[in-house]
Amino acid sequence: MINMYNSGLSIVRYLAKSNIIVQGRYASQALPQLSSEKYDVKRKNFGTVQAADINYFKSILSEQRVVTDESDVLPFNIDWIKNCRGQSKVVLKPKTTEEVSKILAYCNEKRLAVCPQGGNTGLVGGSVPVFDEIVLSFMLMNKIISLDEISGALVCEAGCILENVDNYVRNHNLIMPLDLGAKGTCHVGGNVSTNAGGLRLLRYGNLHGSLLGIEAVKADGTVIDCLRSLKKDNTGYHLKHLFVGSEGTLGIVTKLAIHCPVLPKAVTVGFFGLENFDNVLKLFKSAKSSLGEILSAYEMMDNESIRGTLRNMKLTSPIPEYPFYVLMETHGSDADHDTEKVNRFLSKEMDTGLILNGTVATEPGKIQAIWKIRESIPAACMMDGYVFCYDVSLPLANYYQLVPMLRERLGSNASVIGFGHIGDGNIHINVTISDFDKEVLGVLEPFIFEEVSKLQGSVSAEHGIGFRKPQYIHYSKDRSALGLMRDLKTLMDPNGILNPYKVLPDDV
Ligand code: FAD
Ligand code: ZN
């Protein structure tokens, strides 16, 4: 049975702060183990921050923007999933590109390692130091510089929070081309540096396509100005792409220009219950062919994902329990046209039995409530203990295969859930146990990456490699590609001060 919530024209604004992650103070008993001990890492031969260095930083940034108080520094040392903990003694908060440039030139000369940090929502430990790297936080580089309402080109600083920028452009009838559960906290500079995917990649493409220009600072302090707002620019190498997804290892992103699509006048969200995973795929094929250009998201969640989320987050599902769920969204410019298309699709797929039950919403509050269930899954897992997060890409035919395989391998020791952006072939597999356990880690890794590699998938679809996966990157990149990555790193950061221990394994 389909229940149509409140149809009619609705210009939707996602105002909810779905996952606001406040950098709070930590009680010492809740501190995760130091990353260097947990993963047995040796400190590289970098300098150690001295009083004279702190004085220099204060001379360029002012006293307040050089944070050295231990309890104030602590949240910058711990990642969102509370898996990694670094030992930094200082956080710097530049406000301008010139300040970033001066800091890097100085650190490069003194061989002081630096860890760039945006909103610290990264899920692979890339955003926090491993040892005593200086944390470079962009939280004060948060100005919107310009918006061209005709072309949709937005220019802003790297530390702008994604949701704030989205709210800003929505006031000008545009939207940001990406959306993710961490939008209330993550920075656009962090998004570019991780090449974040998110919920609407299916419709608006990945960031390589939307990013028009970039300003970045190299390890030696040189400012690279590629901050153009042109849609087309074929003058030589596409240097901006070097910084997309390089996770702070090749340079620091300080400003960016991004193409914002038009705010959809009509938004529809459906939440459906399905019998099995095969039907999830069949429904996707049908949605693409019936809804074509208006389909903007197609997300899948298994029963266990939704059950745990409803329980832990105290949310209510608009439909009863089913083995699988699909959240489908359309973005269009004509409510009548879209409603007609969606209704035709729904009545067909109710008849075929692919959709067993569902609800469709066009009213902002209802849409938000449905998205909230999907977006709360990662935070809900965290409430049950320690979470191993995987974000792999797989051919659609094999998309869900690893979930039952892992359930069998782990038995009742762990909860294994599968959910994700099926439209992009990207599944999130979260494995939750009560506390971090090296034996469970050994059962999961490298097994999961070996299986992904056998299926010609990618060990990271969107979260990146960070600190947690350099030893597994070879499952998805061959030696020649890794060699070129190493050459680029040596060229752009010869002293290796930018985000060491991340992305590149030592043996390439
Ligand atoms: P951080 O976590 O601070 O940093 C990430 C990496 O980028 C680090 O290596 C850091 O050193 C580097 N970095 C940050 N800023 C800069 C800069 N200005 N210059 C150079 N390097 C920099 N990711 C997705 O792709 N899709 C999702 O759907 C998604 N959903 C999520 C949902 C939740 C609830 C959470 C907690 C995370 C989710 N993520 C998702 C992961 C994360 O939000 C993204 O990777 C995001 O892009 C990180 O942005 P950030 O500003 O928090 O960066
Ligand atoms: Zn995701």
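Everything below is about the structure printed above this text.
Residues numbered from 1 in each chain as written. Chains lettered and ligands numbered in written order. Predicted model: local features only at pLDDT ≥ 70, side-chain atom pairs only at ≥ 80, totals over all residues. Heavy atoms only, no water.

A. Expanded view of the side chain of Lys489. Among the secondary structure elements, Lys489 is positioned in helix H18 (residues 479-492). Looking at Lys489, its side chain comes within polar contact range of the main-chain oxygen of Thr249, at 2.7 Å. When neighbours within four sequence positions are excluded, Lys489 is seen to be in contact with Thr249, Leu250, Pro494, Gly496, Leu498 and Leu504. (Helix = DSSP H or I, 4+ residues; strand = E, 2+ residues; numbered from the N terminus. Polar contact = N/O pair within 3.5 Å; in protein donor to acceptor, adjacent residues only side chain to side chain. Contact = heavy atoms within 4.5 Å.)

B. Expanded view of the pattern of salt bridges. Within this structure, the stated rule accounts for 25 salt bridges. Linking Asp506 and Lys44 is a salt bridge whose minimum nitrogen-to-oxygen distance equals 2.8 Å. Residue Asp506 is located in the segment after H18, and its partner Lys44 is located in the loop between helix H1 (35-38) and helix H2 (51-61); the two are separated by 462 residues in the primary sequence. Glu293 is the partner of Lys341 in a salt bridge, and the nearest nitrogen-oxygen pair spans 3.0 Å. In this pair, Lys341 sits in helix H12 (residues 335-352) while Glu293 sits in the loop between helix H10 (277-291) and strand S12 (295-302), placing the two residues 48 residues apart along the sequence. (Salt bridge = Lys/Arg side-chain N within 4 Å of Asp/Glu carboxyl O.)

C. Quick look at the packing of H2 against helix H4 (residues 97-110). The N-to-C vectors of H2 and H4 enclose an angle of 165 degrees; their axes lie 10 Å apart at closest approach. With respect to H4, the axis of H2 lies roughly antiparallel. Handedness of the H2/H4 crossing: right-handed. Contacts between H2 and H4 involve Ala52, Asp53, Tyr56, Phe57, Ile60 and Leu61 from the former and Glu99, Lys102, Ile103, Tyr106, Cys107 and Lys110 from the latter. Of the residues in the contact of H2 with H4, the class split is eight nonpolar, no polar and four charged. (Axes fitted to C-alpha atoms, helices over the stretch in contact; angles between N-to-C directions. Parallel < 35°, antiparallel > 145°, perpendicular 65-115°, else oblique. Left-handed = near helix turned anticlockwise from the far one by under 90°. Nonpolar A, V, L, I, M, F, W, Y, C, P; charged D, E, K, R; others polar.)

D. Seen up close, the coordination of the zinc ion (ligand 2). Around the zinc ion (ligand 2), the protein contributes the donor atoms His421 (NE2), His428 (NE2) and Glu462 (OE), which lie 1.7 to 2.1 Å from the metal centre. If you list the donors of the zinc ion (ligand 2) from N- to C-terminus, the spacing comes out as H-x6-H-x33-E. As far as burial versus exposure is concerned, His421 and His428 are alike and both buried. (Donors = N, O, S within 2.8 Å, 3.2 Å for Na, K, Ca; no water. Buried < 20%, exposed > 50% of the residue type's maximum accessible area, 1.4 Å probe, protein only.)

E. Structural detail: the pairing of strand S17 (residues 426-433). The buried fraction of S17 amounts to eight of the eight residues, a majority that puts the element mostly inside the structure. Judged by which residues are buried, S17 turns out to be covered on both faces: Asn426, His428, Asn430 and Thr432 on one side and Ile427, Ile429, Val431 and Ile433 on the other are all buried. Alignment of strand S15 (residues 386-393) against S17, held across eight bridges, turns out to be antiparallel. Residue pairing across strands places Asp391 opposite His428, the latter belonging to S17. Connecting the antiparallel pair strand S16 (residues 415-421) and S17 is a turn made up of four residues, with Gly425 showing a positive phi of about 70 degrees. (Pairing = 2+ DSSP bridges.)

F. Inspection of the packing of H10 against H12 at higher detail. Running from N to C, H10 and H12 cross one another at 150 degrees; their axes reach a closest spacing of 10 Å. Crossing angle aside, the handedness with which H10 passes H12 is right-handed. Between H10 and H12, the contacting residues are Leu283, Ser286, Ala287, Ser290 and Leu291 on the first element and Lys341, Val342, Phe345, Lys348 and Glu349 on the second. For the contact of H10 with H12, a count of residues per class yields five nonpolar, two polar and three charged.

G. Here's a closer look at the pairing of strand S8 (residues 211-217). Among the seven residues in S8, seven count as buried, and that is most of the element. Examined bridge by bridge, S8 and strand S10 (residues 252-259) share six bridges and lie antiparallel to one another. Within the sheet, the bridge partner assigned to Ile214 lies in S10 and is Leu256. Alignment of S8 against strand S9 (residues 223-226), held across four bridges, turns out to be antiparallel. Following the sheet pairing, Val217 is matched in S9 by Val223. Between S8 and the antiparallel strand that follows it, S9, lie five residues; Gly221 among them carries a positive phi value of about 95 degrees.

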